[in-house]
Amino acid sequence: MGWLKRRWRAFRERLFHLSLKKALALYIALGTAATLVLMMFVGSLSQELLSNLEWKYRSLYKDEFYLEMPIVLAEPVAPEEPVAPEEPVVPEGPDAPEEPMDSDELGADEFYQSDAYRSYAEHIDGAYRVAYGEMSSTDRLLKDVLDFTQSWGMVICAAVGITGVCLLFYRNKLKRPLRILTDSAEKIAANDLDFVCEYGAGDEMGMLCAGFEKMRRSLGENHRKMWDMMEEQRRLNHAFAHDLRTPLTVLHGYIDFLEKYYPDGRVSEDKLMETLAMMDRQVLRLRRFGDTMKSVSSLEDRKVQRKPVCGAEVFGAVRSMAEALDGTGGVRIWMERRISPERIFFLDEELFLEVAENLLSNGMRYAKEWVQVILAESGGFLELYVKDDGPGFSEEGLRMAAKPYYKDKEETGKEHFGIGLYICRVLCEKHGGFLGIHNSVDGGAILSAAFGTEDIEKK
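All of these numbers come straight from a predicted model, not from anything done at the bench.

K.L.:
How would you summarise the overall build of the chain if you had to cite specific residues and measurements?
P.N.:
Scanning the chain from terminus to terminus reveals 12 helices and seven strands. With 459 residues in all, the chain has 32% of them scored as buried. Partitioning the contacts of the chain with sequence separation of at least 6, the portion at a separation of at least 24 is 70%. Roughly 30600 Å² of accessible area belongs to the chain as shown, and the carbon and sulfur atoms make up 57% of that amount.

Listed below in structure tokens is the structure:
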């Protein structure tokens, strides 16, 4: 019994993963076989019941059967001259034939076995050998049902077989996945993506549910990105309003000063020129701030154009940039190469150099004596490390340094807008990589920029 259950479970499992086309063919084959068996059973049963009903009345009304036997008339022929019949020679003694018995002298069983009944049965209709009016109401109803079953039984069995195949196929192969897809569509329409569209079958419906689940994940990811963009834009607007307020306040103060004292001649020429110079610096600051806002706004529209570049060329470009900055403010720059000169990278060189320039500028701003630059390769990424011997990042800075317009509260006397690392992060992500911000165990900060270097066009 346990073996039979295991075989049944294995069959159901195979049927569960069977494709819809093969499953439908299997259901049709099994339904056809079951329908044929049902047809034979119904036909045999109805015929047996009808025969039993007829035999019941034949045993009761054998005389009426005999009397109702139709008379068969032969076609008329021309009369012939009478011929004297020959006297049959009847043997006498023990070989003499027995006299035929009249049907009234026979019992029911003997009657139906006699030659008289057989000759009579050849001339009557088999379906109505019994007088319909002689039957009871129950038997008449039963006979009508049996006659209808014999006439329409095949059609009824075929209809039952088709309906059964359709219902079983729908219940076992379509009902559950359709319910899952319907529920998933309703949840997506209600902006509820916190669910899983999963159907473990390996058929077409399973693949459809898997595609629906992939779409749900993609929608969730797009919603998350959109939410992050909205939050980032909100922070940008807040930072822009905050940083814009300072130079505007300064300019407004200088204008009030001049309006109050210049008409009365209480502002000397030197003081006037000094005030105008300060106002010009604030205007330049506003212009630079506007340029940074423009560059930040255009980051999302920037396209990455990868081209094959050898390792020696990439290292040479970074070294030229480092040599131009080396010695600025008494800070030395050390270069180290950990990539093969012949190695080919698919890289947007302009984007890579822009990130490298921002990281070097950030390191030079906070370094005390030196900055170390390392170019390496790991796991399909081209990595650029910039380490300095400065104070490093605060706990808040480690979390927020890559946010737009972030400035550490501990910073003093450093004029910058706080978008350099944010630009680096966005560009690295556009190039299939990431930006890492860490503190060294020996002190100082370590910035790492990773760039995906695979050929996207071949994918």
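Anyway, onward from the coordinates.
K.L.:
Hey, could you go over the nonpolar core for me, with residue numbers and the actual values?
P.N.:
Core analysis: the biggest nonpolar cluster contains 47 residues, and Phe352, Val355, Leu359 and Val371 have the highest contact counts within it. Discounting residues that sit within four places of it in the chain, Leu359 has contacts with Leu384, Val386, Leu421, Cys424, Leu435, Leu447 and Ala449. Listed in part, the 18 residues of the second largest apolar core include Phe169, Ile180, Leu181 and Cys197.

K.L.:
Go over the sheet that holds strand β6 (residues 434-439), please, and point to the residues and values.
P.N.:
In spatial order, the strands read β2-β4-β5-β7-β6; together these five strands make up an open sheet with mixed pairing. Two strands close off the open sheet at either side, each with one partner strand: β2 (332-338) and β6. On average, each strand axis in the sheet is tilted by 15 degrees relative to the strand beside it, whichever way the strands run. In this sheet, strand β5 (residues 381-388) lies alongside strand β4 (residues 370-378) in antiparallel orientation, the contact comprising eight bridges.

K.L.:
Kindly report on the environment of Ile437, identifying the contributing residues and their values.
P.N.:
Mapped onto the elements of the fold, Ile437 is located in strand β6. Between the alpha carbons of Ile437 and Gly397 there is a distance of 9.0 Å; along the sequence they are 40 residues apart.

K.L.:
Describe the side chain of Asp139, with residues and values.
P.N.:
Here Asp139 is to be found in helix α6 (residues 137-189). Only 3.2 Å separates the side chain of Asp139 from the side chain of Ser136, close enough to count as a polar contact. If we skip the residues at most four places from it in the chain, Asp139 touches Leu53, Lys56 and Tyr57.

K.L.:
Could you give an account of the pairing of β4, with specific residues and numbers?
P.N.:
Relative to β4, β2 is paired through seven bridges, and the arrangement is parallel. Among the inter-strand pairings, Met335 is bridged to a residue of β4, identified as Val373. Remark: two residues form the turn of the hairpin made by β4 and β5, two consecutive strands paired antiparallel; Gly379 in that turn has positive phi of roughly 60 degrees.

Scoring rules and cut-offs
Residues numbered from 1 in each chain as written. Predicted model: local features only at pLDDT ≥ 70, side-chain atom pairs only at ≥ 80, totals over all residues. Heavy atoms only, no water. Helix = DSSP H or I, 4+ residues; strand = E, 2+ residues; numbered from the N terminus. Buried < 20%, exposed > 50% of the residue type's maximum accessible area, 1.4 Å probe, protein only. Contact = heavy atoms within 4.5 Å. Areas by Shrake-Rupley, 256 points an atom, 1.4 Å probe, with all protein chains shown as cover. Core = buried A, V, L, I, M, F, W, Y, C linked by side-chain atoms within 4.5 Å. Pairing = 2+ DSSP bridges. Axes fitted to C-alpha atoms, helices over the stretch in contact; angles between N-to-C directions. Polar contact = N/O pair within 3.5 Å; in protein donor to acceptor, adjacent residues only side chain to side chain.

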